[in-house]
Amino acid sequence: MVRSRRLGALVVLLCLVTFIAPALTQAGTPRSGRLGTGLAALSQGEAPDRGFLTRGTNRDLQIGVTVELVADPGGVTRGRLRAAGLDLAGSWRRSIEGYVRPRDLERLAATPGVMTVRAIRLPITDAFVSPAPALHGATPWHQAQFSGNGVKVGILDGGFDGFSALLGSELPATVQALCFPELGMSSPNIADCVTPGETHGTAVAESIIDMAPAASLYVSNAGSPADLATAISWMTASGVRVINYSQSGGLQGMGDGLSQYFDSDYALVDLAVTRGALFVASAGNSGETSWMGPATDANANGWLDFAPGVEANNLQVSEGDEIKVAIRWASAASDYDLSIRQGDTLLAESADAQTVTGDPMEYIAFTAPALGTYEISISHVGGPVAPTMRLMVHGSVTALTYGTTSGSLPTPADSRNPGMVTVGAVRYTTPSVIEPYSSQGPTLDGRTKPDLVAVDCAPTTVDPVFCGTSQAAPFVSGAAALLLEADPLLTPAALASFLKRRAIPTGGPTPNNVFGHGLLTLGSPPVPVPAAASLLAPPASGTAGSPLLGQPTVAVVDGEGRVTTTGPGATMSVTLSLASNPAGATFTCVGGNVRVAVAGIAAFNGCSVDSAGVGYTLRADVAGLTGATSSPFSVIAPGTASPISMTLTPTTVALGKAAAGTVTVAPLGVPSAPPELEWSTDGRVWTASGAVVLGAAGTGAFTHSSTTNRWLRARMAAADGTVDVTIAILLRVNGTAVLTSSIPTGRTILRTTRITLIETIRPIGASVARGRARFDLFLRVGTAWVRKRTLYANADPATGRSRLVTTLPTAGSWWIRSRAEPTATNGASAWTAGYRYLVR
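Each chain has its residues counted from 1, running along the sequence as written. It should be noted that, the model being predicted, local features are given only for residues of pLDDT at least 70 and side-chain atom pairs only at 80 or more, the latter also being counted only at that level, while totals for whole chains, interfaces and linings use all residues. Each side-chain value is worked out from all heavy atoms of the structure, with water and hydrogens disregarded.

**Student:** Looking at this structure, how should I read the overall build of the protein?
**Tutor:** Under the DSSP-based scheme used, a helix requires at least four consecutive residues in state H or I and a strand at least two consecutive residues in state E, with every element numbered from the N terminus. A tally of regular secondary structure across the protein gives twelve helices and 52 strands. With respect to the principal axes defined by its C-alpha atoms, the protein has extents near 125 × 75 × 50 Å. Burial status follows relative accessibility: with a 1.4 Å probe on protein chains alone, a residue under 20% of its type maximum counts as buried, one over 50% as exposed, and anything between as partly exposed. Classification of the 840 residues of the protein by burial places 53% in the buried group. In these tables, accessible area is a Shrake-Rupley quantity obtained with a 1.4 Å probe, and a residue counts as shielded only by the protein chains included in the view. Total accessible area on the protein is roughly 32400 Å²; 56% of this is exposed by carbon and sulfur atoms. The charge count treats Lys and Arg as positive and Asp and Glu as negative. His and the chain ends do not count. Charge positions are represented by NZ for Lys, CZ for Arg, CG for Asp and CD for Glu. In the protein, which carries 58 positive and 59 negative side-chain charges, the distance between the mean positions of the two groups comes to 7 Å.

Spelled out as structure tokens, the structure:
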């Protein structure tokens, strides 16, 4: 609507509008040179802004404030502040935080050495697992055994309801916390971070762990500048390398990534990066609730135009909805005021004198008294016309009548620090389309933001649909943890650059102010650097001139023992020879003693030694790498029975079951002691498992159970000093899987209903390869069950839980079953009974 209509229908009075309209915003609002936005009115008895940090109620009400000083605070200054009514809490740089009663604000502001007194505002949460890791290319990293292991990730957020219940399942079993139940008061108890009913921080943590399951988490609900500085210092001192910030501080500074205040959010970003942590910030969800444009006043009546002839920007809200409205412009030489009206009724205003406060900003936190249309207006009180005005609204608002998605970045998303990345959001079902609410650049000084985008609206256990840039940012934080595990030497700036280079270009020339450099993708995991040869299956014994019992297999591994399945190590040549040769024998293999590795593995066959002897060892060599030597083995003469043999039945058992075996010693090799049973997970390192007591016939029985696949053999020292070993037998162990669902079996559900399936895999442990669940989804067609989809999910290595969230998109009868897939240490489990649903 046109603002002049509110001043009456009399045309003869239109000439007075220029003088009357500005006066509307100033009535009853004293000006104070040192009190920040909203505090001057509060000192005169008005109710506190809903966005202020407060303590107590009614007569005991106190306001959390930041007092910025002319110089670093000393004992005399602190004493003066206490005398003026400030209950001191934290401090950072040239500012002190604390609580003060409204009636003491003017006295506090007048204290010698005080520059400004500003209210501490509650952080704005950008709220509005998961298929996301696969969309961002994390699956091959997980398969290559990268999981964020050893990387510490910090979370600065709020809420954290339900967090403790997920420890050891969706979240790591142990999490470090620095919580602030009150301003300046910290606690290591995660319960002190919880705001009942608010799960934002918990959903952020889940999203990080979805990407980096083995990362270590450090969490804090710090909200004030000093508490945030304390939390960041604690995190970085603990070795945190990535800090996730899915919140915003609204609008600070001039919009150029800088601020006049020493304790701004930009300074907090700089603190984190300087101490070695990448700072990952959500871009904000103000794409539909922001406006940026020239501060035009076409009819010169003192009211800014949002469109030609339109002096009010409307928004629809419901009764009780809380909204926060802020404006920002370039210079405090210009004085603008902000107001909210319904019809001709003034409901709220912010009317600081910028020429006095030096802060070109106005801010209102407002609770709607009723359902309806509310109008935001901006009036020009004095000073030169600002070249550009910025308006931003947070809260239960879907859109402004007049909005611009460009230039909608809050603080600190527009930071210019190279060690920070700003993350926008695209929906995981349509990753090439920007979310309409995702804040966009440019910054007010023309820089391109965001830096990249990631998906949102992916499910978590505490929030079935977690939308907004709040989720996109933690996916980037988790990706950064994987990159740091692969290369711990990356600096924050190098890590930020790496993430931007790997992004898939999206939305025209890149970078751009909608998608930045594009969609987050990790690309291929790093190629392992071959370091050594490793004998996976050395021979146990043999007969001269005949194939050895146990044909050798050699792997080319990197420095951490991982097989180099890709890169140069995948196809390197491996040479086998006798390292120890007591009888001067010749060692040969069918096809020669040199093999080219395939995916890092060289398998030899038909290998034999032509002379009997005791104490032979094999040597595996790869050019330029560290070689490997086998354990000693014996070769007997042809026609001589092996003095020791072993049987095992069965060779595949279910988890928790035992296999039965026998060891037999021939009369000619009478042992000096009972033979020893040994086991190994890799065929290289052997562990004694106990002696096998022999009966009169030279045979002894044993049983053996295991939680992982393992090799078994018997070893015997004969009276003549020789040592004989049986061929190693592989005992395979099938894992177990138990499937649970968020919806009981037999239910009728809709096609849009999300089902959370959790398969718990056993065994787990440090020596057990990470489990992987397979989910088969069948649709009944006629009388047959037809498999429609097969999905996979990696298990949490600490809990063994694999989680899948899905829908059943076609009407009809569905059946879902699962099993634990085979791994390097375990066989596949049996299929679970599964769940059945009727979908409408």
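**Student:** For this particular structure, what's the right way to read the environment of Val527?
**Tutor:** Looking at the secondary structure, you find Val527 in the loop between α12 (492–502) and β25 (530–535). According to the relative accessible area criterion, Val527 is partly exposed, its value standing at 47%. Sequence separation of Val527 and Ala281 is 246 residues, and the distance between their C-alpha atoms is 30 Å. For Val527, the residues in contact, after removing those within four places along its chain, are Thr566, Gly567 and Pro568. Here, two residues are considered to be in contact whenever any of their heavy atoms come within 4.5 Å of each other.

**Student:** What is the right way to look at α12 in this model?
**Tutor:** Since there are 3.6 residues in each turn of an α-helix, residues three or four apart along the chain are aligned in direction. Every buried residue of α12 is accounted for by Pro492, Leu495, Ala496, Phe498 and Leu499. Buried residues of α12 fall within an arc of 160° about the axis and therefore sit on the same side. As for α12, its buried residues are in contact with α9 (265–274), β14 (278–282), β23 (420–427), β24 (452–456) and α11 (469–486). As used here, the arc belongs to the directions running from the helix axis to the C-beta atoms.

**Student:** Just checking my understanding: could you explain the nonpolar core for this structure?
**Tutor:** Considering soluble globular proteins, one finds that nonpolar side chains tend to be buried as a cluster. Nine residue types can take part in a nonpolar core, namely buried Ala, Val, Leu, Ile, Met, Phe, Trp, Tyr and Cys, and a core is a set of them joined through side-chain atoms within 4.5 Å. Ranked by size, the top nonpolar core spans 61 residues in total, and within it Leu217 and Val476 carry the most contacts. Among the elements that take part in this core, α11 stands out by supplying ten residues, more than any other. Other than its neighbours up to four places away in sequence, Val476 contacts Val280, Val421, Val423, Leu452, Ala454, Leu499 and Leu520.

**Student:** What am I meant to see in the sheet that holds β14 here?
**Tutor:** Hydrogen bonds between backbone groups are what pair the strands of a sheet, and the pairing can be parallel or antiparallel. Judged by pairing direction, the sheet is parallel, and its seven strands sit side by side in the order β8-β11-β7-β12-β14-β23-β24 without closing on themselves. For this open sheet the edge positions go to β8 (176–177) and β24, each flanked by a neighbour on one side alone. One requirement defines pairing of two strands: DSSP has to find at least two bridges between them. Across five bridges, the pairing between β23 and β24 is parallel. The partner of Gly424 across the bridge, within β24, is Val453. Sitting on the sheet, α9 is in contact with β12 (240–245), β14 and β23, with an inclination near 145° to β14. Comment: axis = line fitted to C-alpha atoms, over the contacting stretch for helices; angle = value between 0 and 180 degrees taken between N-to-C directions.

**Student:** What's the story with the sheet that holds strand β15 (residues 290–293) in this structure? I'm lost.
**Tutor:** A sheet is described by the order of its strands in space; here four strands give the open sequence β15-β22-β17-β20, paired in antiparallel fashion. Where the open sheet ends on each side, the last strands, each with one partner, are β15 and β20 (361–367). Each adjacent strand pair in this sheet contributes to an overall mean axis angle of 10°, direction not counted. The sheet contact formed by β15 and strand β22 (residues 389–395) spans four bridges and is antiparallel.

**Student:** What's the story with the side chain of Thr443 in this structure? I'm lost.
**Tutor:** Residue placement: Thr443 occurs in the loop between β23 and β24. Of the residues examined, Thr443 reaches a relative accessible area of 5% and is grouped as buried. Whenever two N or O atoms come within 3.5 Å, that pair is a polar contact, provided that in protein one can donate a hydrogen and the other can accept it, and provided that, for residues adjacent in sequence, both atoms are side-chain atoms. At a separation of 2.5 Å, a polar atom in the side chain of Thr443 contacts the side chain of Asp445.

**Student:** Honestly, helix α8 (residues 225–237) in this entry has me stumped. Any pointers?
**Tutor:** A helix is expected to span 1.5 Å for every residue after the first. With 13 residues, α8 extends 18 Å between its outermost C-alpha atoms, agreeing within 8% with the 18 Å of an ideal straight helix rising 1.5 Å per residue. What α8 keeps buried is the set Pro225, Ala226, Asp227, Leu228, Ala229, Ala231, Ile232, Met235 and Thr236. Phi turns positive, to about 95°, at Gly239, one or two residues after α8.

**Student:** Which parts of the structure should I look at to understand the environment of Gly287?
**Tutor:** Here Gly287 shows up in the loop between β14 and β15. When its relative accessible area of 3% is taken as the criterion, Gly287 is described as buried. As for Gly287 and Ser438, which are separated by 151 residues in sequence, their C-alpha atoms are 5.1 Å apart. Setting aside chain neighbours within four positions, we find Gly287 in contact with Thr404, Thr405, Ser408, Pro436, Tyr437, Ser438 and Ser439.

**Student:** Is there a simple way to explain the confidence of the model for the protein in this structure?
**Tutor:** Low-pLDDT stretches of the model should not have their predicted coordinates read in fine detail. Per-residue confidence from the prediction method is given by pLDDT, with values spanning 0 to 100. Across the protein, pLDDT averages 85, with 91% of residues at or above 70. Counting interchain partners and residues more than four positions distant, the pLDDT-below-50 stretch residues 1–32 has 64 contacts.

**Student:** Looking at this model, I keep getting lost on the state of the cysteines. Mind explaining?
**Tutor:** As used here, a disulfide is simply a covalent bond connecting the sulfur atoms of two cysteines. Any cysteine sulfur atom paired with another within 2.5 Å is treated as part of a disulfide. Under the counting rule described, the total for this entry stands at three disulfides. Sulfur-sulfur distance for the disulfide between Cys179 and Cys193 comes to 2.0 Å. Because the torsion about its S-S bond is -100°, the bridge between Cys179 and Cys193 counts as left-handed. Taken together, the residues span a long stretch of sequence, with Cys179 in strand β9 (residues 179–182) and Cys193 in the loop between β10 (185–187) and α7 (200–211) at a distance of 14 residues. Among the residues examined, Cys179 registers a relative accessible area of 0% and is labelled buried. Note that Cys589 is cross-linked by a disulfide to Cys607, the S-S spacing being 2.0 Å. Negative torsions about the S-S bond denote left-handed disulfides, and the value of about 105° found for Cys589 with Cys607 makes this one right-handed. One end of the pair, Cys589, is in the loop between β29 (587–588) and β30 (594–596); the other, Cys607, is in the loop between β31 (601–603) and β32 (608–609), and 18 residues separate them in sequence. Each of the two residues, Cys589 as well as Cys607, counts as buried. Once the disulfide-bonded cysteines of the protein are ranked by sequence position, their pairing pattern turns out to be 1-2, 3-4, 5-6.

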